[in-house]
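Close look at the chain arrangement
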Amino acid sequence: MTDQNANVMAKLKTATADLHTEAENRPMQRALAKGTLPREQYVAYLGQLFLLHRTLEEVTDAATSSHRAFATVVRDYQRRTPELRADLAEHGVDAEAVTPQPATEAAMNEVRRRAGEDPVSILGLTYVLEGSNNGSKYIARNLMKSYQLTPGKPGLSYFDPYGDEQMPRWLAFKADMDAVGFDEAEQETIIDAAKAMFRMIADISDEVDQPVATA
Ligand code: HEM
């Protein structure tokens, strides 16, 4: 493995920095971070994220033997559907009954398409969601005040899934990704998938920001 092959995480961070700024500046994300997002939109967002994470888990499970990287990087604790189910239930929503909005439907199809084309892209998609836990932990503190919930407990577990393990698990993810030694072409596929995931979440955020339809 050359030095070039060992720094996919540094490349991912640099290549997606602008998209991170764009995503975190979407009105809905800003309101979320400030703790001013109405609770019903917070719950709607959790529902859409549930569908996205469930799709990612499905393609990940189907791809585990396709590349040695999956054994190195993927861990059971990276699954977010358990927290999302519990949070939704706490807010009176059955996760299984949630239906995708158009941006989520498009994102689910995009995840399946990329995974089918090249399973290694799944790790770029995972990077964005796993990395987002870094900022979410801070967001959870504001949500806690607004919604009177406890980070890590049902209702607000998705935004702080790891508690004190956040930093060790993020460092482990980074070390494991770098240890795989992805070649140039694989790195490009992973970075391209990560960029797509940032855009998908930004689009999902915009849609959740729309006024809630009334019957
Ligand atoms: C208002 C919303 C957000 C805030 C305040 C925020 C804040 C942060 C912070 C403070 C970090 C840690 C930076 C560091 O230690 O270098 C971080 C990392 C990260 N965030 Fe966000 N974030 C937000 C939204 C998002 C969204 C919506 C996504 C995904 C679409 C996301 C994905 C990531 C990723 C992938 C990383 C890891 C970057 C790396 O080190 O490679 N963030 N964020």
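Below, the structure is looked at part by part. Everything quoted here is computed from the prediction, not taken from an experiment.

**Some words on the environment of Asn25**
Structurally, Asn25 can be placed in the loop between helix H1 (8-24) and helix H2 (27-34). With 177 residues separating them in the primary sequence, Asn25 and Ala202 have C-alpha atoms 9.2 Å apart.

**A short note on the packing of H1 against helix H8 (residues 166-180)**
Contact geometry for H1 and H8: axes closest at 8 Å, N-to-C directions at 110 degrees. Overall, the two elements H1 and H8 adopt an arrangement that is roughly perpendicular. Two secondary-structure elements touch here, H1 through Val8, Met9 and Leu12 and H8 through Trp170, Phe173, Lys174, Met177 and Asp178. Taken together, the residues of the contact of H1 with H8 break down into six nonpolar, no polar and two charged.

**Considering the packing of aromatic side chains**
Scanning the model with the defined rule gives six aromatic pairs in all. Relative to Phe159, the ring of Tyr42 lies with its centre 6.1 Å away and its plane at 40 degrees, an arrangement referred to as tilted. Of the two residues, Tyr42 sits in helix H3 (residues 39-63) while Phe159 sits in the loop between helix H7 (121-147) and H8, which places them 117 residues apart along the sequence. Aromatic side chains Tyr77 and Tyr162 sit 5.5 Å apart centroid to centroid with 85 degrees between the ring planes, which places their arrangement in the edge-to-face category. Taken together, the positions of Tyr77 in the loop between helix H4 (69-73) and helix H5 (81-90) and Tyr162 in the loop between H7 and H8 put the pair 85 residues apart, joining distant regions of the chain. Its relative accessible area of 7% is what places Tyr162 among the buried residues. Ring pairs connect the aromatic residues Tyr42, Tyr147, Tyr158 and Phe159, which therefore count as one cluster. Here the guanidinium or amino end of Arg169 rests over the ring plane of Tyr77, the centre of that ring lying 3.9 Å away. The ring of Tyr162 has Arg169 sitting right over it, with the charged end atom 4.8 Å from the ring centre.

**Here's the deal with the pattern of salt bridges**
What the rule picks out here adds up to 14 salt bridges. Arg113 serves as the salt-bridge partner of Glu110, at 3.1 Å between the closest nitrogen and oxygen. Of this pair, Glu110 and Arg113 both sit in helix H6 (residues 102-117), three residues apart, which is roughly one turn of that helix. One network of salt bridges, in which partners are shared, links Glu110, Arg113, Arg114, Glu117 and Asp192.

**Let's talk about the environment of Lys153**
Mapping Lys153 onto the fold places it in the loop between H7 and H8. A relative accessible area of 51% means that Lys153 is categorised as exposed. Once the C-alpha coordinates of Lys153 and Arg112 are considered, the two residues, 41 residues apart in sequence, prove to be 31 Å apart.

**So, the coordination of the iron atom of the ligand**
Counting protein donors to the iron atom of the ligand gives just one, His20 (NE2), placed at 2.1 Å. Its place among the elements puts His20 in helix H1.

**Side note on H8**
Here H8 spans 22 Å end to end across 15 residues, near enough to the 21 Å set by a 1.5 Å rise per residue. Within the sequence span of H8, burial applies to Gln166, Trp170, Phe173, Asp176, Met177 and Val180. Taken end-on, H8 shows its buried residues confined to a sector of 130 degrees, consistent with a single buried face. The elements touched by buried residues of H8 are H1, H4, H7 and helix H9 (184-208). Backbone geometry just after H8 places Gly181 at a positive phi near 75 degrees.

The rules behind these values
- Residues numbered from 1 in each chain as written.
- Predicted model: local features only at pLDDT ≥ 70, side-chain atom pairs only at ≥ 80, totals over all residues.
- Heavy atoms only, no water.
- Helix = DSSP H or I, 4+ residues; strand = E, 2+ residues; numbered from the N terminus.
- Axes fitted to C-alpha atoms, helices over the stretch in contact; angles between N-to-C directions.
- Parallel < 35°, antiparallel > 145°, perpendicular 65-115°, else oblique.
- Contact = heavy atoms within 4.5 Å.
- Nonpolar A, V, L, I, M, F, W, Y, C, P; charged D, E, K, R; others polar.
- Phe/Tyr/Trp six-rings, centres within 6.5 Å; stacked < 30°, edge-to-face > 60°.
- Buried < 20%, exposed > 50% of the residue type's maximum accessible area, 1.4 Å probe, protein only.
- Lys NZ or Arg CZ within 6 Å of the ring centre and 35° of its normal.
- Salt bridge = Lys/Arg side-chain N within 4 Å of Asp/Glu carboxyl O.
- Donors = N, O, S within 2.8 Å, 3.2 Å for Na, K, Ca; no water.
- Expected span 1.5 Å × (residues − 1).
- Arc of directions from axis to C-beta.

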